[in-house]
Amino acid sequence: MSQRMSPRPRGPMSAGRLVAVLALLFGCLSAVPVPVAYAAVPLERVTAFGSNPGDLAMYVHRPASLPAEPAVVVALHGCTQSAQVYADNSGLAAFADRHGFLLVLAQTTASNNPNNCFNWFQAADNRRGQGEAASVRQMVAHAESAYGAHPSRTFVTGLSAGGAMTAVVLAAYPDVFEAGAVIAGIPYDCTRDTGPFTCMSPGTDRTPSAWAQRVRDAYPSYTGPWPRVAIWHGDDDATVAPMNAGELRDQWTAVHGLGQVPDRTGPIGPNGTRREQYLAGGEVAVEVDRVPSIGHGTPVDPGSGPEQCGATGTPHFIDAICSSLWVSEFFGLAGDVDPDPGGLPAPGGLAVTGADDSSVSLRWDAVDGAAGYALYRDGVRITAPAGTSHTDTGLAPGTSYAYSVAARDAQGTEGVRSGAVTASTTGRAAACWTSSNYAHVQAGRATTAGGYAYARGSGQFMGLDNTFVTHTLKESPAGYFVVADGSCP
């Protein structure tokens, strides 16, 4: 059946007027029709997937060779966008085809929100068992029953309002989603006692424990493992302030019982995106990816290379880094449909040829038949060089890293990975300072704007710029500071 539920009231009339204005701000898009992508990704419309209390539409991209019990990735578009627009431009469909996972795309409509935003800020839609959050849950259940999807391999990602709704379903359904990736989003339940405009910009500062409690309140009886979370944000986002990346980090590290000082840091991708990783039991539980020099949107990197994806013909898909590649790897999906690795042997001779305070240089032997290589740092692929050497830059001083390398054939398929070698950067390890916000600003460890202080580099909110508020700042690498109260060695 293709009948859709009639739109239902979501709150008082004033809320409707708020939605119209909020959509313009959150989407930051002009009032022109959304462009049609030049090469549409094939999508199936699913017209009956449950009671659908949130009045959403469900679309599915099914790879031609879908394995048994595939993983599911749910994608949530931004304001004024659609399922088709997100599928065409984000690059997710290409990785669904490559790695064999089912891509489910939820879509809201003007009957829910005048600018097609997910209603992340309304209690009728951001609570377990009701509204839009419940509709997304029903889509996952349908994917399991209709496509044979594995119930323990379900993931979610989204941009902007879709990013905020990603945080909603991770909090409301931790028993459903194994991990999620929030792109330019908002911490869960920010609007419980704060207006959505303030949540968006300049953002709202709360303690990690206070943020974490809001997640726990979403499903008070839950005692199982919490979803892993990746957080992506552009440094120059003027719509959803970059401060929100730090607050999301605070929320989910505290949910996992972790501190807010990263266990690993380093650059990824062609544009030097800064990655922070927070480990629990040796696994990355929370990750923050700060993308330099971009505003509000999903980072993509159009092209045909093995680490490229997406398109930029539609607003809010920004040429920077193929975030969908890294999100797929964070979800653990990159190895789902790996051909026999015996086609190309492991490169021999991997060796460190040099190091300084912020970089490590390596070389390895060529492999016959290789079209290129994949270099890994601490088990995470960082680049795909064409030749047999690479210099890894932007590293922390006085820190050790483990590197391995694999050969790639002309189709981008990796062979056997080499054994790891360990390299250490020179210089001192992380340094810490405890001072007032005023002293941090005067020393250049923090910046000030509007009477408030922000850690230089990370942009973390520190409170009022005065002599009474005190914080510990940790510097690593040089010139990059994070708030490390009570956890800096």
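From a predicted model like this one, the values you see are computed outputs, not experimental measurements.

Asks: Would you mind going over the layout of surface pockets with me for this structure?
Replies: If you roll a probe as big as a water molecule over the atoms, it shows you where there is empty space left. One number sums up the size of the second largest pocket: a volume of about 350 Å³. Together, 20 residues line the second largest pocket, and Pro208, Asp250, His471, Val483 and Asp485 are the ones closest to its centre. Of all the elements in the fold, those that place two or more residues in the lining of the second largest pocket are α8 (243–255) and β24 (461–464). With 5 residues, α8 is the largest single contributor of residues to the lining of the second largest pocket. Here the residues of the lining of the second largest pocket are counted per class, giving 7 nonpolar, 7 polar and 6 charged.

Asks: It is not clear to me how the sheet that holds β24 should be interpreted in this structure. Could you clarify?
Replies: Backbone-to-backbone hydrogen bonds pair the strands of a sheet. The strands run either parallel or antiparallel. Here 3 strands make up an open sheet; going across it, the order is β22-β23-β24 and the pairing antiparallel. Pairing within the sheet leaves two strands with one partner each, and these edge strands are β22 (446–449) and β24. Sheet twist, expressed as the mean angle between neighbouring strand axes with direction ignored, is 25°. Here strand β23 (residues 452–455) runs beside β24; their pairing, made up of 3 bridges, is antiparallel. Paired with alanine 453 across the bridge in β24 is glycine 463.

Asks: Just to check I follow, could you spell out the side chain of serine 135 for this structure?
Replies: Within the secondary structure layout, serine 135 lies in helix α4 (residues 131–147). If we ignore the near neighbours within four places in the chain, the residues touching serine 135 are Phe49, Asn52, Pro53, Gly54, Asp55 and Leu56.

Asks: Explain the pairing of strand β25 (residues 470–475) here, please?
Replies: The side chains of a regular strand alternate, residue by residue, between the two faces of the sheet. Counting buried positions over the 6 residues of β25 gives 5, a clear majority of the element. In terms of strand pairing, strand β21 (residues 431–436) meets β25 through 6 bridges, oriented antiparallel. Opposite alanine 431, over in β25, you have glutamate 475 as the bridge partner. By the bridge criterion, 3 bridges tie β25 to strand β26 (residues 481–483) in an arrangement that is antiparallel. By the bridge assignment for β26, leucine 473 is matched with valine 483.

Asks: Is there a simple way to think about the packing of aromatic side chains in this case?
Replies: Going through the model one piece at a time under the given rule, you end up with 10 aromatic pairs. Taken together, a centroid distance of 5.6 Å and an interplanar angle of 50° make the contact between tyrosine 86 and phenylalanine 317 tilted. Pair noted here: tyrosine 86 is in helix α2 (residues 83–90) and phenylalanine 317 is in strand β12 (residues 317–319), with a separation of 231 residues, a long-range link. The residues tyrosine 86 and phenylalanine 317 share a single accessibility class, namely buried. Between tyrosine 219 and tyrosine 222 the ring centres are 5.4 Å apart and the planes differ by 25°, which places this aromatic pair in the stacked class. One exposure class covers both tyrosine 219 and tyrosine 222, and it is buried.

Asks: Would you take a moment to explain the environment of histidine 316 for this structure?
Replies: Mapped onto the secondary structure, histidine 316 falls in the loop between β11 (298–300) and β12. Note: C-alpha distance between histidine 316 and threonine 298 (18 residues apart in sequence) is 6.2 Å.

Asks: Just to check I follow, could you spell out α8 for this structure?
Replies: The periodicity of an α-helix, 3.6 residues per turn, causes residues three or four places apart in sequence to face the same way. With 13 residues, α8 ought to run about 18 Å at 1.5 Å a step, and its terminal C-alpha atoms sit 19 Å apart, in line with that. Of all 13 residues in α8, 13 are buried, a share of seventy percent or more. Just past α8, the residue glycine 257 takes up positive phi, approximately 75°.

Asks: Any chance you could explain the sheet that holds β25 here in plain terms?
Replies: Reading across from one edge, β21-β25-β26 is the order of the 3 strands in this open sheet, with antiparallel pairing throughout. The two strands at the open ends of the sheet, each matched to only one other strand, are β21 and β26. For this sheet the average axis-to-axis angle between neighbouring strands, irrespective of direction, equals 30°.

Asks: Can you help me understand the nonpolar core in this one?
Replies: Most often, soluble globular proteins have nonpolar side chains that are buried together. Ranked by internal contacts, the top residues of the largest apolar core, which has 64 residues, are Val74, Val104, Trp120, Phe177 and Trp252. No other element matches helix α5 (residues 161–172), which puts 9 residues into this core. Beyond its immediate chain neighbours, meaning those up to four positions away, valine 104 contacts Met58, Tyr59, Val60, Val72, Val73, Val74, Ala75, Met139 and Ala143. Counting 42 residues, the second largest nonpolar core, distinct from the first, contains Val85, Phe101, Ile268 and Val327.

Asks: Quick question: what am I supposed to make of the state of the cysteines here?
Replies: Covalent bonding between the sulfur atoms of two cysteines defines a disulfide. Under the counting rule described, the total for this entry stands at 3 disulfides. Each sulfur in the disulfide pair cysteine 79 and cysteine 117 lies 2.0 Å from the other. The disulfide joining cysteine 79 to cysteine 117 has a torsion of about 125° about its S-S bond and is therefore right-handed. In this pair, cysteine 79 is assigned in the loop between β3 (72–76) and α2 and cysteine 117 in the loop between β4 (102–107) and α4, connecting sequence segments 38 residues apart. The exposure class of cysteine 79 is buried, given its relative accessible area of 2%.

Asks: Sorry if this is basic, but what is going on with empty space enclosed by the protein here?
Replies: The final tally for this structure, using the stated rule, is 5 cavities of 30 Å³ or more. There is about 110 Å³ of room inside the largest cavity. Arg264, Thr265, Gly266, Ile268, Arg275, Gln277, Arg377, Asp378, Val380 and Ile382 are the residues that line the largest cavity. Ranked by residues supplied to the lining of the largest cavity, first place goes to strand β8 (residues 264–268) with 4 residues. Each residue belonging to the lining of the largest cavity can be placed in one class, and the counts come to 3 nonpolar, 3 polar and 4 charged.

Asks: In this structure, what is going on with the confidence of the model for the protein? I would like to understand it.
Replies: Detailed reading of the predicted coordinates is not advisable wherever pLDDT is low. On average, residues of the protein score 87 in pLDDT, and 89% of them reach the 70 mark or higher. Low pLDDT (under 50) marks residues 1–25, which in the prediction has 54 contacts with non-local residues, meaning those over four places away or in another chain. Overall, residues 27–38 carries pLDDT values under 50, and its contacts beyond four positions in sequence, including any with other chains, amount to 21 contacts.

Asks: What am I meant to see in helix α9 (residues 323–330) here?
Replies: The buried fraction of α9 amounts to 7 of the 8 residues, a majority that puts the element mostly inside the structure. Considered for burial, the residues of α9 that qualify are Ser323, Ser324, Leu325, Trp326, Val327, Ser328 and Phe330. The positive-phi residue at the C-terminal boundary of α9 is glycine 332, with phi of around 80°.

So, how was this worked out
- For every chain, the first residue of the written sequence is number 1, and numbering continues from 1 along that sequence.
- For this predicted model, a pLDDT threshold of at least 70 governs which residues receive local features, and a threshold of 80 or more governs which side-chain atom pairs are given and counted, while totals over whole chains, interfaces and linings are taken from all residues.
- Excluding hydrogens and water, the side-chain values take into account all heavy atoms of the structure.
- Using only the protein atoms, space was sampled on a 1 Å grid; points where a 1.4 Å probe fits but cannot get out form cavities, open sets with protein on both sides within 12 Å along at least five of seven lines form pockets, and lining residues are those with an atom within 4 Å of a point.
- Grid points are joined across faces, edges and corners, and a volume is the space filled by probe spheres set on the points.
- Think of it this way: any DSSP run of H or I at least four residues long counts as a helix, any run of E at least two long counts as a strand, and we number them from the N terminus.
- As a working rule, the residues Ala, Val, Leu, Ile, Met, Phe, Trp, Tyr, Cys and Pro are called nonpolar, Asp, Glu, Lys and Arg charged, and the rest polar, with Gly in that last group.
- The criterion for strand pairing is that DSSP finds at least two bridges linking the strands in question.
- Inter-axis angles, ranging from 0 to 180 degrees, are taken between N-to-C directions of lines fitted to C-alpha atoms, where helices are fitted over the stretch in contact.
- Contacts are residue-level and defined by heavy atoms, with any inter-residue pair within 4.5 Å sufficient.
- Working definition: with a 1.4 Å probe on protein chains only, accessible area under 20% of the residue-type maximum means buried, over 50% means exposed, and in between means partly exposed.
- When two rings of Phe, Tyr or Trp (its six-membered ring) have centres within 6.5 Å they constitute a pair, described as stacked for plane angles under 30 degrees, edge-to-face for angles over 60, and tilted for the intermediate range.
- Multiply 1.5 Å by the residue count of a helix minus one, and that product is the helix's expected span.
- Within this scheme, the nonpolar core is defined by two criteria: the residues are buried Ala, Val, Leu, Ile, Met, Phe, Trp, Tyr or Cys, and they are joined through side-chain atoms within 4.5 Å.
- The definition used for a disulfide is geometric: two cysteine sulfur atoms within 2.5 Å.
- You can read pLDDT as the predictor saying how much it trusts each residue, on a scale of 0 to 100.

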